[in-house]
Amino acid sequence: AQKITQTQPGMFVQEKEAVTLDCTYDTSDQSYGLFWYKQPSSGEMIFLIYQGSYDEQNATEGRYSLNFQKARKSANLVISASQLGDSAMYFCAMREGLQTGANNLFFGTGTRLTVIP
Amino acid sequence: EAGVAQSPRYKIIEKRQSVAFWCNPISGHATLYWYQQILGQGPKLLIQFQNNGVVDDSQLPKDRFSAERLKGVDSTLKIQPAKLEDSAVYLCASSLGPAGGVGETQYFGPGTRLLVL
């Protein structure tokens, strides 16, 4: 089973509007972390926001917020007041607990967001 | 603070040739990762170092891929001989470390785009 699922290959949003990018995850660990990264056409992965499995409040970073629904195993990214510069690929990723000793990230397949002027 | 540096940015080779990629992590970061990102997919971990020791290389095709991190700072990833399916972006990332924290953020370099003809 896929650890991270992003079901939206592409999304469009009008400039200044809000958009939600979906992410569901699969893990049996109690301790895990969820991340969102932005990848512009230049190729670099830019860290946006983090949510820990034990965090009671949804994470927020400026215009980015994470809608964390633990029971549904979803961690959707909300971008408010979209800007043209937000056009990029967005990846959801998860790091599971400490059992294996490694802490690599498992990534989804990404969602391409296009902001329309 | 300087980010993760990678070189070259682009490389075109013929199959069966060899190629090497270089990565210099953020200063002070103990953990270094190499990811492979095939077009249309999310990054997949190849190898993870903590200082100069290997933490996880379970996804590294060891018959053709090798990596080293001498002196626990910069790292080199080599492919020999290259196959057509190795065409991808190779991303290097680093984190403060040590390996194991679910909330530890990985910071990525710009990547090396490899095309194997």
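Provided above is the structure to which this section pertains.
Residues numbered from 1 in each chain as written. Chains lettered and ligands numbered in written order. Predicted model: local features only at pLDDT ≥ 70, side-chain atom pairs only at ≥ 80, totals over all residues. Heavy atoms only, no water.

Before we go on, may I ask you to explain the state of the cysteines in this structure?
By definition, a disulfide links the sulfur atoms of two cysteines through a covalent bond. Scanning the model with the defined rule gives two disulfides over all chains in all. The disulfide partner of A:Cys23 is A:Cys92, and the gap between their sulfur atoms is 2.0 Å. Classification of the bridge connecting A:Cys23 and A:Cys92 rests on its S-S torsion, roughly -65°, and on that basis the disulfide is left-handed. Placement of A:Cys23 in the loop between strand 3 (19–21) and strand 4 (24–25) and of A:Cys92 in strand 10 (residues 88–95) is noted, with a sequence separation of 69 residues between them. Given a relative accessible area of 0%, A:Cys92 falls into the buried group. The disulfide partner of B:Cys23 is B:Cys92, and the S-S distance across this bridge is 1.9 Å. Judged by the torsion about the S-S bond (-70°), the B:Cys23/B:Cys92 disulfide is left-handed. Of this pair, B:Cys23 sits in strand 3 (residues 19–24) while B:Cys92 sits in strand 9 (residues 88–95), and the two are 69 residues apart along the sequence. (Disulfide = S-S within 2.5 Å. Helix = DSSP H or I, 4+ residues; strand = E, 2+ residues; numbered from the N terminus. Buried < 20%, exposed > 50% of the residue type's maximum accessible area, 1.4 Å probe, protein only.)

Would you mind showing me how to read the interface of chain B and chain A here?
Many descriptions give the size of an interface as the accessible area lost when the pieces come together. Across the boundary between the two partners, chain B contributes 25 residues, which contact 26 residues of chain A. For the pairing of chain B and chain A, the buried interface totals around 1900 Å² over both sides, and the portion due to carbon and sulfur atoms is 51%. Across the contact surface, chain B and chain A share zero salt bridges. Counting every contact that joins chain B to chain A gives six residue pairs in polar contact (both at pLDDT 80 or more). Mapped onto the side of chain B that touches chain A, the elements with two or more residues apiece are strand 4 (31–37), strand 5 (44–50) and strand 6 (53–56) of chain B. A class-by-class count of the residues in the side of chain B that touches chain A yields 10 nonpolar, 11 polar and four charged. (Contact = heavy atoms within 4.5 Å. Buried area = accessible area lost by both parts, 1.4 Å probe. Salt bridge = Lys/Arg side-chain N within 4 Å of Asp/Glu carboxyl O. Polar contact = N/O pair within 3.5 Å; in protein donor to acceptor, adjacent residues only side chain to side chain. Nonpolar A, V, L, I, M, F, W, Y, C, P; charged D, E, K, R; others polar.)

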